[in-house]
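Results of the structural survey
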Amino acid sequence: MNKETQSILTGMLGGLLVSITVSGHFTSYVKPGFRPMLLAGGIILIVVGVASLVLTIRDEVRAEKARAAEHPAGGGELHGHDHGHGHDHGRSKAPWLILVPVLVLLLVAPPALGDDAANRSANCSVPAPDGTAYANRRTDPSPPLPAGDPAVLTMQDFIARSLYDSTYSTVDHDIQVVAFISADRCAGSGYNLVRMVISCCAADAYALRVHVDSVSPYPGNTWVQATIRAVKDAGNESNNYVPSATVIAMTEIGQPSDPYET
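Residues numbered from 1 in each chain as written. Predicted model: local features only at pLDDT ≥ 70, side-chain atom pairs only at ≥ 80, totals over all residues. Heavy atoms only, no water.

Section: the pattern of salt bridges
Here is the rule: Basic side-chain nitrogens of Lys or Arg form a salt bridge, by our definition, when they fall within 4 Å of a carboxyl oxygen of Asp or Glu. Under the scheme used here, helices are H or I runs from DSSP no shorter than 4 residues and strands are E runs no shorter than 2 residues, and both carry numbers assigned from the N terminus. Buried means the residue's accessible area, taken with a 1.4 Å probe over protein chains only, is under 20% of the maximum for its type, while exposed means over 50%, and partly exposed covers the values in between.
Under the defined criterion, the tally for this structure stands at 5 salt bridges. Salt-bridge contacts for Asp157 lead to Arg161; the nearest nitrogen and oxygen are separated by 3.2 Å. You can see Asp157 and its partner Arg161 sitting in helix α5 (residues 155-164), 4 residues apart, about one turn around the helix. Looking at Asp157, the relative accessible area reads 28%, which means it is partly exposed. Judged by relative accessible area, which is 4%, Arg161 ranks as buried.

What to know about the packing of aromatic side chains
Put simply, the rule reads: Whether two aromatic rings pair depends on their centres lying within 6.5 Å, for rings of Phe, Tyr and Trp, where Trp uses its six-membered ring; planes under 30 degrees apart make the pair stacked, over 60 edge-to-face, and the rest tilted. Working rule: Lys NZ or Arg CZ, within 6 Å of ring centre, within 35 degrees of ring normal, means a charge sits over the ring.
With the rule as written, the count across this model stands at 1 aromatic pair. For the cation-ring pair, Lys232 lies above Tyr168, with the distance from its terminal atom to the ring centre recorded as 4.7 Å.

Here's the deal with the confidence of the model for the protein
Any segment with low pLDDT has predicted coordinates that should not be analysed in fine detail. Keep this limit in mind: Values of pLDDT, ranging from 0 to 100, describe the predictor's confidence in every residue of the model. Any two residues whose heavy atoms approach within 4.5 Å are treated as being in contact.
Residues of the protein with pLDDT of at least 70 account for 76%, and the chain-wide mean is 80. Note on residues 78-87: pLDDT under 50 across the span, and 6 contacts to partners over four residues away in sequence or across chains. Note that residues 131-135 has pLDDT below 50 and, in this model, 7 contacts with residues that lie over four places away or in other chains.

Observations regarding a nonpolar patch on the surface
Definition in use: In this analysis, a patch consists of residues with relative accessible area above 30% that form no salt bridge, clustered at 9 Å for like charges and at 5 Å for the nonpolar side chains Val, Leu, Ile, Met, Phe, Trp and Tyr. Residue burial considers only the protein chains on display, and all accessible areas are found by Shrake-Rupley using a 1.4 Å probe.
Among the surface-exposed residues, Ile46, Val50 and Val54 lie close enough to one another that they form a single nonpolar patch of about 230 Å² accessible area. Mapped onto the secondary structure, Val50 falls in helix α2 (residues 35-70).

Looking at the environment of Ala117
Following the sequence through the fold, Ala117 ends up in helix α4 (residues 115-120). When the C-alpha positions of Ala117 and Ala207 are compared, they lie 8.1 Å apart, and in sequence the two are 90 residues distant.

Remarks on the side chain of Glu261
Defined as follows: Here a polar contact is recorded for every N or O atom pair within 3.5 Å, except that within protein the pair must consist of a potential hydrogen donor and a potential acceptor, and residues adjacent in sequence are included only if both atoms are side-chain atoms.
Structurally, Glu261 is set in the segment after β6 (245-252). A distance of 2.8 Å separates the side chain of Glu261 from the backbone nitrogen of Met155, its partner in a polar contact. In this view, Glu261 contacts Thr154, Met155, Gln156, Arg195, Met196, Val197, Ile198 and Leu208; residues no more than four positions away in its chain are not counted.

Quick word on helix α1 (residues 3-23)
Where we set the bar: Expected helix span is given by 1.5 Å per residue-to-residue step, counting one fewer step than there are residues.
In a regular helix each residue adds 1.5 Å, so 21 residues correspond to 30 Å; α1 covers 30 Å between its end C-alpha atoms and thus fits that length. Burial in α1 covers these residues: Glu4, Ser7, Leu9, Thr10, Gly11, Gly14, Leu16, Val18, Ile20 and Thr21.

Remarks on the pairing of strand β3 (residues 191-197)
Let me state the cut-off plainly: Strand pairing follows a simple DSSP-based rule, namely that at least 2 bridges must link the two strands.
Counting buried residues in β3 gives 7 out of 7 residues, a clear majority hidden from the surface. Burial along β3 is two-sided: the residues Tyr191, Leu193, Arg195 and Val197 and Asn192, Val194 and Met196 are all buried. As defined by bridge partners, strand β2 (residues 175-183) adjoins β3 across 4 bridges and the pair is classed as antiparallel. Among the inter-strand pairings, Phe180 is bridged to a residue of β3, identified as Val194. With 7 bridges connecting them, β3 and strand β4 (residues 206-212) associate as antiparallel partners. Residue pairing for β4: Met196 is matched across the bridge by Ala207.

Okay, structure coming up:
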């Protein structure tokens, strides 16, 4: 790969990085807080690519002028086997790998993690009882629910309240959550409402699950806005503390601009 091609690929990679950042597609891979760094990185790659291309072309023009001065028309014999011009057989082909992420994101941009990732991360083994009654885990009341009917909660807050809130706020009130549908391969029946959580990027994601003991009205990976109520004391050691819920209402929606909870 010559220097011009390397420069063009570097600029393309920077342009793609800027494009997915400005469009918001980057949230399928990393946290929204990375936006400034991704944008800056993309701009830097574009500048480096353009500058490198300009310098390379300038150097080649100068080299051509120097060769023309050394061998004026009719003034000398040029050797047809000049390996110093365009035939560097020792160059590595590794820089072509830069093209791989560009083509992947242009042609088959991966979506946010969904049903398959949720089930791969599921731990279906049942831990041994620790001898502590589950009801005793409800030691403290949670803060009051947000205003509204239904109250809007994140999946993390809904699950925490369903497992530990001594006032049973998610059992006695309608709660609205946003999640995607996933088959429950651990229970063998029903389905899960799932939201993936990331600390940094999609590579460290794990799934938050709420089990629904009925037939799913939508196929897997469908994003929904669901109004639910927790089933009292349903999440315990026998199911790895995955709470269950009853669905009051459910509506299909598009993937949120930020598909992960943090």
